[in-house]
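# Topology and contacts: notes
Chain residues, written in single-letter form:
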Amino acid sequence: MWIETKTEMEEASRTRASFSRRVLNGLLLCSGDMEHLDKYMKDKSFVLQLAVCGLRGVTRVILANNPLSGGLILGALYWASPWQGLLGTLGVLASTLTAVITGQDSVEVAGGHHGFNGMLVSLLMGVYSSAGDWYWWLLLPVFLGSATCVFLFSGLSSFLDRWDLPAAVFPFNIIIILYLLCTGPEHPCFPHHSVKPPGALEPNATELIALQVIRGIPLGVGQIFACGDLGPSLLILGAVFLYSPLLAVHALLGSTVGTLTGLSMAVRHESLYSGLSGFNGALGCMAVGGFFIFSLWTHLFAITSALFSAYADIALSNLMGTVGLPACSWAATLVATLMLLLTGSLAAYRIPTGQVRAPERNLQLRSQWEAGNTEERESADV
Amino acid sequence: MWIETKTEMEEASRTRASFSRRVLNGLLLCSGDMEHLDKYMKDKSFVLQLAVCGLRGVTRVILANNPLSGGLILGALYWASPWQGLLGTLGVLASTLTAVITGQDSVEVAGGHHGFNGMLVSLLMGVYSSAGDWYWWLLLPVFLGSATCVFLFSGLSSFLDRWDLPAAVFPFNIIIILYLLCTGPEHPCFPHHSVKPPGALEPNATELIALQVIRGIPLGVGQIFACGDLGPSLLILGAVFLYSPLLAVHALLGSTVGTLTGLSMAVRHESLYSGLSGFNGALGCMAVGGFFIFSLWTHLFAITSALFSAYADIALSNLMGTVGLPACSWAATLVATLMLLLTGSLAAYRIPTGQVRAPERNLQLRSQWEAGNTEERESADV
Amino acid sequence: MWIETKTEMEEASRTRASFSRRVLNGLLLCSGDMEHLDKYMKDKSFVLQLAVCGLRGVTRVILANNPLSGGLILGALYWASPWQGLLGTLGVLASTLTAVITGQDSVEVAGGHHGFNGMLVSLLMGVYSSAGDWYWWLLLPVFLGSATCVFLFSGLSSFLDRWDLPAAVFPFNIIIILYLLCTGPEHPCFPHHSVKPPGALEPNATELIALQVIRGIPLGVGQIFACGDLGPSLLILGAVFLYSPLLAVHALLGSTVGTLTGLSMAVRHESLYSGLSGFNGALGCMAVGGFFIFSLWTHLFAITSALFSAYADIALSNLMGTVGLPACSWAATLVATLMLLLTGSLAAYRIPTGQVRAPERNLQLRSQWEAGNTEERESADV
């Protein structure tokens, strides 16, 4: 009897272990870049392929590449505002389809590289529009703007390729500025809100509320997708966590640094509360966290990048605010581009643009590669 | 008798045919790039050579390269305003001579590459000057500005050469902006008109006159040379037609697209009537028409380029109008540069910068080249 | 007796000659790039090495590379204002140390390449601050700004290296503009003076005083280090003369051209008197004088460069003045970069960026090199 009971218990514990292992494996399969999905998708219908590369495109904004995270983010956007969700979906589809039609590199299209700029342009057009939700005429500039992003992405990539730099969100930043300049605040068809610079003096400045400022930190991650609600922002943060916990830490850290920077420069309270102070810092931090192999050294470097991005954002916002324009993510994009160009001891940690995976995977590949190198050296010694 | 009459008739018809053939050949000799002229000019005097390369320079503005077209355009400018004609002539001569003195590549100089920026700078200085015609002090900045264009053209060419991009009219755009910034509207020696942005609201907006808008389309081609009269504009269009009928079609089409874009964004009426809405579209359309081999695909692409140029022009005009500056042809130049960088299925139609000829000739060379390739392949197969 | 006296006299004269030769040799050892010092410094302590490369960094601003000149310049700054001297010292140290910590190329660090941008940022932060001298909070942005210069210098160098262009003072110009934009004139912690554009009309314009204008010429050399006093400016000019008399001539000449340009465009009197009109011309002139081998041809070219820099400075000052920003040395830096890109007969005189020495030494190296070439050719002929 005793033996049997023991065997049963062993079996039960084994079953439990194998179950939890299976769950873990399932989670691991769903996190990271999900490269195994590509093989599976090869013989599927065009619509399904488009959906997957659209979802990958959604996550490219935050330097991730995972269709499930993309689904979560889209869900968060629909949660925050169904109209914004619709605009984002249309934007990512319009620009991905334009890329297919103009015959862009199919690997790039499948990786979602042509979707994220169009999505951001659409979302921001919706946010700045003062015509209210469900204003259907807005779909016209949304389609045109998203499609134009493909041309800019392709052209800028050719240009920046000489330094192995990505085109990043430069196309989005250019198109949204051109759109806002084109229409102006009092345009008969496409009116939009005027933008106040963060350094503008407030006539009735009230006391700063610490809790609101802390609430601005996760909002800073949501503001990358122009989302200013706490719930959806936390869901977006969750989506980043699903792709890579390390990246999520960088996002939060960067947003914190950005908010502290905003505090140090005494920007408008609204800017701190809404998370607008934090999102450039978050992007700057994530860019270094994503494009460099993780180590203590690069971590400090990521914080420097967040700091520089946040200060540059305040400066650019003040400059562009004089003509009523927002600084979008110009600061983080410029600073990240600069950081990728850096020489010195940090350059050794830089991952070539085409080989960037989730930070955890980069770390693993690096270890494997170094182990391989050591083995090779050892076998050569023998 | 019958036989003789028949022979006579045959002979007469043959004579007529040979005459029309000769006329056609003569016309064909005068159209396109007139490369045969270069051989003929080799042992001619310096003044004659300078005249020819100056006239070639005049046509480079509209991406053409034909001394006869250049003569027609100069004639059109003198017709519109003798003072403007004189300024244009001096500008093209000043910058070509500066290029000779500073020892620029002689093939480039002979091709008129160093003349067109100087010419545009001079014309625009004349147009923006509020001191009236025949104000001889203006020749000082005209000479200095035209000469500086050579330095900018040479420097920018070195820079852009890495991507096989032309310096295009960047030097003109830079110099004219610097000049206008330097002097300011109320300068004691060189006063100039302040520029109204196209999006500025009109207090007493009248009804739009359709005929005036249609008249603005050919004026858009003339505005490339800062010429706002209908007759001279049509003559300039004729000069483009002489060089290449295809390019003339692109010019008209681009100007139409630009005017429609202006209508869609509700710009000031004056901007539509004067052709200022159309000229960036025309340039954007011609750039793609000139630098890509003609096909249905590239034709659609040229229209896209015109559209993008026109919208970007409105945006930049609104931006630069806030400090009283005109957007010149920044939009078309930037968009055309971007289009030349494009990857994807369109890149296969791109002609290397040094090998661009008239669009018809490009088409012919491509056919020959493809035929040659097929033959080669066939002979290789045997 | 006679013989002895003669011998004595000969000996005396020989002693005198050898003394003056020794003095001359000593002076020659102290002038130029002092490359012999590098060997001597190799086994010295870190602090001494840091001091020398800091002093080299101080002179890099004026395209020189001589620790003694650096000492003189620092002395001049302390003479003009001890607070400014302190800021300059801290700036050069902060950025050099950052370069050491981030593992920048040690040859570059030793040559002072990472010091000069930080120094300029610190000096200009001090000059624009309206909080008065000895405002210790200012050290915070001084340290941060100087440190950030290293990142910008490293990133921009990677970018510009493709055309063998130096990063020059681009980092300084970017950081100071971002700092001024970030803080704004009425910032609670870091207030600063607003900048008047040079083209601004003066309500009570008085007669121009010729002597003051002439006094502005040497001040133009001092203004490179944001120093507006005559004595220290002359000492700075002396420091340039110690490094290279030719460069000092270029500096004065450029400042003169800049002042004349300011006169021709009728800028504000204050701008002429303070030397602010001259310093961009001086920098533009020195850049060509330093990066091209001296000859009559390049001398004319240097004057052209000074002229262009000075006009571009007025234009940019008017543009940036509309948002209350100074043009710093943007004009000279951009023009010098353009000049280094130039093709044509002048490109033959261009010295590769890594091989630039004092102008006199460049001339000598060129002669030696040409002589070597001739000898080689002769020996090859034999």
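All values derive from a computational prediction rather than experimental measurement. (Residues numbered from 1 in each chain as written. Chains lettered and ligands numbered in written order. Predicted model: local features only at pLDDT ≥ 70, side-chain atom pairs only at ≥ 80, totals over all residues. Heavy atoms only, no water.)

## Looking at the overall build of chain A
Inclusion rule: Numbering of helices and strands starts at the N terminus; helices are DSSP runs of H or I of at least 4 residues and strands are runs of E of at least 2. The reference for a compact globule is 2.2 Å times residues^0.38; the radius of gyration itself is calculated from the C-alpha atoms. Only protein chains enter the area calculation, which uses a 1.4 Å probe; residues under 20% of their type maximum are buried, those over 50% are exposed, and those in between are partly exposed. Should any heavy atoms of two residues lie within 4.5 Å, those residues are counted as being in contact. The Shrake-Rupley method, run with a 1.4 Å probe sphere, supplies the accessible areas, and residue values consider only the shown protein chains as cover. All tallies of charge rest on Lys and Arg as positive and Asp and Glu as negative; His and the ends of each chain are not included. In this description, the location of a charge corresponds to atom NZ of lysine, CZ of arginine, CG of aspartate or CD of glutamate.
A count of helical and extended segments in chain A gives 17 helices and zero strands. On C-alpha atoms alone, chain A measures out to a radius of gyration of 23 Å, which is about the 21 Å that the 2.2 N^0.38 rule sets for 382 residues. Along the first, second and third principal axes, the C-alpha set of chain A runs to 80 × 55 × 50 Å. Out of the 382 residues in chain A, the part that is buried amounts to 55%. Taking as baseline every contact in chain A between residues at least 6 positions apart, the subset at least 24 positions apart corresponds to 72%. Here chain A displays about 16900 Å² of accessible surface, and carbon together with sulfur accounts for 66% of that area. Charged side chains in chain A number 19 positive and 25 negative. The centres of these two groups are separated by 4 Å.

## A closer look at the packing of helix α3 (residues 46-60) of chain B against helix α4 (residues 67-80) of chain B
Residues and elements named next belong to chain B. What counts here: Think of each axis as a best-fit line through the C-alpha atoms, taken over the contacting stretch in the case of a helix, with angles from 0 to 180 degrees between the N-to-C directions. Here the word oblique covers every angle except those under 35 degrees (roughly parallel), over 145 (roughly antiparallel) and from 65 to 115 (roughly perpendicular). Residue type decides the class: Asp, Glu, Lys and Arg count as charged, Ala, Val, Leu, Ile, Met, Phe, Trp, Tyr, Cys and Pro as nonpolar, and the leftover types, Gly among them, as polar.
Following both chains from N to C, one finds α3 and α4 inclined at 75°, their axes separated by 7 Å at the closest point. On the basis of their axis angle, the class for α3 and α4 is roughly perpendicular. Contacts between α3 and α4 involve Val52, Leu55, Arg56, Val58 and Thr59 from the first element and Pro67, Ser69, Gly70, Gly71, Ile73 and Leu74 from the second. Per-class residue counts for the contact of α3 with α4 are six nonpolar, four polar and one charged.

## Points about the relation of the copies chain C and chain A
Note that the two copies of the chain are related through a rotation about an axis and a translation along the same axis. This is how the line gets drawn: Overlaid copies result from least-squares superposition on C-alpha atoms, with residues included only where pLDDT is at least 70 in both.
With an axial shift of 0.0 Å and an RMSD of 0.1 Å, the rotation relating chain C to chain A amounts to 120°. A rotation of that kind, with that shift, is consistent with a three-fold axis. Of every C-alpha in chain C, the one belonging to Arg162 of chain C sits nearest the axis of rotation, 5.1 Å from it. Residue by residue, only 8% of the interface of chain C is reproduced at the interface of chain A, so the copies engage with different surfaces.

## Structural notes on the confidence of the model for chain A
For clarity, the cut-off: For every residue, the pLDDT score states the predictor's confidence, bounded by 0 at the bottom and 100 at the top.
When the pLDDT values of chain A are averaged, the result is 87; 93% of them are 70 or greater. With pTM at 0.90, the complex prediction returns an ipTM value of 0.87.

## Here we look at empty space enclosed by the protein
Residue and element names in this part refer to chain C. What counts here: Only protein atoms enter the 1 Å grid used here, on which a cavity is any set of points holding a 1.4 Å probe that cannot leave and a pocket is any open set flanked by protein within 12 Å on both sides along at least five of seven lines; residues with an atom within 4 Å of a point are listed as lining. Grid points are joined across faces, edges and corners, and a volume is the space filled by probe spheres set on the points.
As enumerated under the stated definition, the model contains one cavity of 30 Å³ or more in all. In this model, the largest cavity occupies a volume close to 40 Å³. Looking at the largest cavity, the residues that line it are His250, Val288, Gly289, Phe292, Ile293, Phe294, Thr298 and His299. Within the residue set of the lining of the largest cavity, elements represented by two or more residues are α14 (279-291) and α15 (296-321).

## Some details on the interface of chain C and chain A
For interface size, the figure often reported is the accessible area lost on association. Using the following cut-off: Summed over both partners, the accessible surface that disappears when two parts come together, traced with a 1.4 Å probe, is what is meant by buried area. Any pair of N or O atoms that falls within 3.5 Å is considered a polar contact. Within protein, one atom must be able to donate a hydrogen and the other to accept it, and sequence-neighbouring residues count only if both atoms are side-chain atoms.
Between chain C and chain A, the contact holds 25 residues from the first and 25 residues from the second. Counting each side, the surface lost to burial between chain C and chain A is near 2100 Å², with a carbon and sulfur contribution of 74%. When residues of chain C are sorted by the area they lose upon contact with chain A, Phe151, Leu181 and Cys182 of chain C head the list and together hold 28% of the total. Applying the counting criterion to the chain C and chain A interface returns ten residue pairs in polar contact (both at pLDDT 80 or more). Ranked by the residues each element gives to the side of chain C that touches chain A, the list is headed by helix α8 (residues 139-160) of chain C, at nine residues. When the residues that make up the side of chain C that touches chain A are grouped by side-chain class, the tally is 14 nonpolar, nine polar and two charged.

## Topic: the relation of the copies chain B and chain A
When chain B is brought onto chain A, the operation consists of a screw motion whose angular component is 120° and whose axial shift is 0.1 Å, with 0.1 Å RMSD remaining. An asymmetric contact is evident, with only 8% of the interface residues of chain B recurring at the interface of chain A.

## Let's talk about the pattern of salt bridges
Pairing is possible between side chains of opposite charge, provided their charged atoms come close. Which entries qualify depends on this criterion: What counts as a salt bridge is simple: a side-chain nitrogen of Lys or Arg found within 4 Å of a carboxyl oxygen of Asp or Glu.
All chains considered together, the criterion is met by six salt bridges over all chains. As a salt-bridge pair, Glu270 of chain B and Arg268 of chain B come within 3.7 Å of each other at their nearest N and O atoms.

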